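# Geometric and topological summary
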Amino acid sequence: MSNAAKLAMAAIFVFLLAVGFWRILSPDLETGKRLAANNCGTCHDLTAQKHHEKGPYMWEVFQRPAGSLTFPYSEAFLQRVKEQPFVWDEAHLDAYILNPESVIPHTRMVEKKSKHPVSFQEISDKSHRRDLIAYLKTLR
Ligand code: HEC
């Protein structure tokens, strides 16, 4: 094989490797959408209708100051954002959907009420959280 052919083959190999990594590393919006519908849509409106349901609506949640809507947040929630205001960036969303109480102790989101048929399920898979957050960013 000529050197030029070897070089071309090496280039193709590196290209395919890069495509493979890109696919592994880039978030999957379809998965994110499915997770949002199944795990969040039961309590949160994910549409531009902006209806408050059991929880506040998720439209434009990304970069939104926490607790900034006219929603009847819990005392615990309001107290926490008054003491330490923050916006819903990637780090806060990631921590919150893994363990809501790590961000807002005693938040009503994890309240287990026998009356309410659904309760929050944490998203323990890191790549699923990444997919879900990527999807939440598209809600605008
Ligand atoms: C069992 C119902 C329930 C489920 C399921 C649920 N949430 Fe919530 N969520 C709530 C409630 C209730 C609040 C308000 C918490 C409070 O006032 O303490 C809330 C608050 C929030 C907030 C704060 C919004 C703001 O205006 O500051 C975010 C962000 C959020 N939820 C994201 C999610 C995501 C993402 C999912 C899916 C992984 C999810 N929630 C699943 C009930 C739920």
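Heads up: the structure comes first, above all this text.
Below or above, wherever it landed, is the structure these notes cover. (Residues numbered from 1 in each chain as written. Predicted model: local features only at pLDDT ≥ 70, side-chain atom pairs only at ≥ 80, totals over all residues. Heavy atoms only, no water.)

## Considerations on the nonpolar core
To keep it simple, the criterion reads: Residues enter a nonpolar core if they are buried and are Ala, Val, Leu, Ile, Met, Phe, Trp, Tyr or Cys, with the set joined through side-chain atoms within 4.5 Å. To sort residues, take the accessible area from a 1.4 Å probe on protein chains only and compare it with the maximum for the residue type: under 20% means buried, over 50% means exposed, and anything in between is partly exposed. Working definition: helices are DSSP H or I runs of at least four residues, strands are E runs of at least two. Numbering for both runs from the N terminus. Contacts: residue pairs with any heavy atoms within 4.5 Å of one another.
In this structure, Phe77, Phe86, Trp88, Ile104, Leu132 and Leu139 are the most contacted members of the largest nonpolar core, which totals 28 residues. Contributions of two or more residues to this core are made by α2 (29-40), α3 (75-83), α4 (90-98) and α6 (126-137). Among the elements that make up this core, the one with the highest residue count is α6 (four residues). Ignoring any residue separated from it by four or fewer positions in sequence, one finds phenylalanine 86 in contact with Arg64, Pro65, Ala66, Arg80, Val81, His92, Val103 and Ile104.

## Side note on the coordination of the iron atom of the ligand
We apply this condition: Metal donors were taken as nitrogen, oxygen and sulfur atoms no farther than 2.8 Å from the ion, or 3.2 Å where the ion is Na, K or Ca. Water is excluded, so coordination may look unfinished. Note on geometry labels: four donors, all angles 85 to 135 degrees, give tetrahedral; four donors become square planar and six octahedral when opposite donors are over 155 degrees apart and every other angle is between 65 and 115; remaining cases are irregular.
The protein atoms donating to the iron atom of the ligand are His44 (NE2) and Met109 (SD), with metal-donor distances spanning 1.9 to 2.1 Å. Relative to the metal, the six donor atoms surrounding the iron atom of the ligand lie at angles of 86 to 179 degrees, and the coordination shape comes out octahedral. Residue histidine 44 is located in the loop between α2 and α3, and its partner methionine 109 is located in the loop between α5 (100-103) and α6; the two are separated by 65 residues in the primary sequence. For methionine 109, a relative accessible area of 23% translates into the label partly exposed.

## Observations concerning the packing of aromatic side chains
Note the cut-off: The pairing test for Phe, Tyr and Trp rings, Trp by its six-membered ring, is centres within 6.5 Å, and the orientation test on the planes gives stacked under 30 degrees, edge-to-face over 60, and tilted for anything in between.
Per the stated rule, a full pass over the model turns up four aromatic pairs. Relative to tryptophan 88, the ring of phenylalanine 86 has its centre 4.9 Å away and its plane inclined at 85 degrees; by these criteria the two rings are edge-to-face. For phenylalanine 86, a relative accessible area of 10% corresponds to the buried category. Pairing tryptophan 88 with tyrosine 96 gives two aromatic rings, centres 4.9 Å apart and planes at 50 degrees, and the pair type is tilted. With respect to burial, tryptophan 88 and tyrosine 96 carry one shared label: buried. Taken together, the ring pairs in this structure connect Phe71, Tyr73 and Phe77 into an aromatic cluster.

## A look at the environment of isoleucine 123
Checked against the element boundaries, isoleucine 123 lands in the loop between α5 and α6. Given a relative accessible area of 5%, isoleucine 123 falls into the buried group. Expressed as a C-alpha distance, the spacing of isoleucine 123 and tyrosine 96, which sit 27 residues apart in the sequence, is 9.4 Å. When residues no more than four places from it in sequence are discounted, the contact partners of isoleucine 123 are Asn39, Ile97, Leu98, His128, Arg129 and Leu132.

## A look at the packing of α2 against α6
For the record, the criterion: To obtain an axis, a line is fitted to C-alpha atoms, over the contacting stretch when the element is a helix, and the angle between two such axes runs from 0 to 180 degrees between their N-to-C directions. Note on terminology: angles under 35 degrees are roughly parallel, angles over 145 are roughly antiparallel, angles of 65 to 115 are roughly perpendicular, and the others are oblique. For this classification, the nonpolar set comprises Ala, Val, Leu, Ile, Met, Phe, Trp, Tyr, Cys and Pro, the charged set comprises Asp, Glu, Lys and Arg, and every other residue, Gly included, is treated as polar.
Between α2 and α6, the shortest axis-to-axis distance is 7 Å and the interhelical angle comes to 90 degrees. What the angle tells us is that α2 and α6 run roughly perpendicular. Counting all contacts with α2, which are made through Leu29, Thr31, Gly32, Lys33, Leu35, Ala36 and Cys40, the residues of α6 involved are His128, Asp131, Leu132, Ala134 and Tyr135. Taken together, the residues of the contact of α2 with α6 break down into seven nonpolar, three polar and two charged.

## What to know about α6
Filter applied, for reference: By definition here, a helix of n residues has an expected span of 1.5 Å times n minus one. Polar contacts here mean pairs of N or O atoms no more than 3.5 Å apart (in protein, one a potential hydrogen donor and the other a potential acceptor; neighbouring residues in sequence count only if both atoms are side-chain atoms).
Under the 1.5 Å per step criterion, the end-to-end length of α6 is 17 Å for twelve residues, consistent within 8% with the ideal 16 Å. Looking at the packing, one finds that the buried side of α6 touches α2 and α4. The backbone nitrogen of serine 127 lies 2.8 Å from a side-chain oxygen of the residue at the head of α6, namely aspartate 125.

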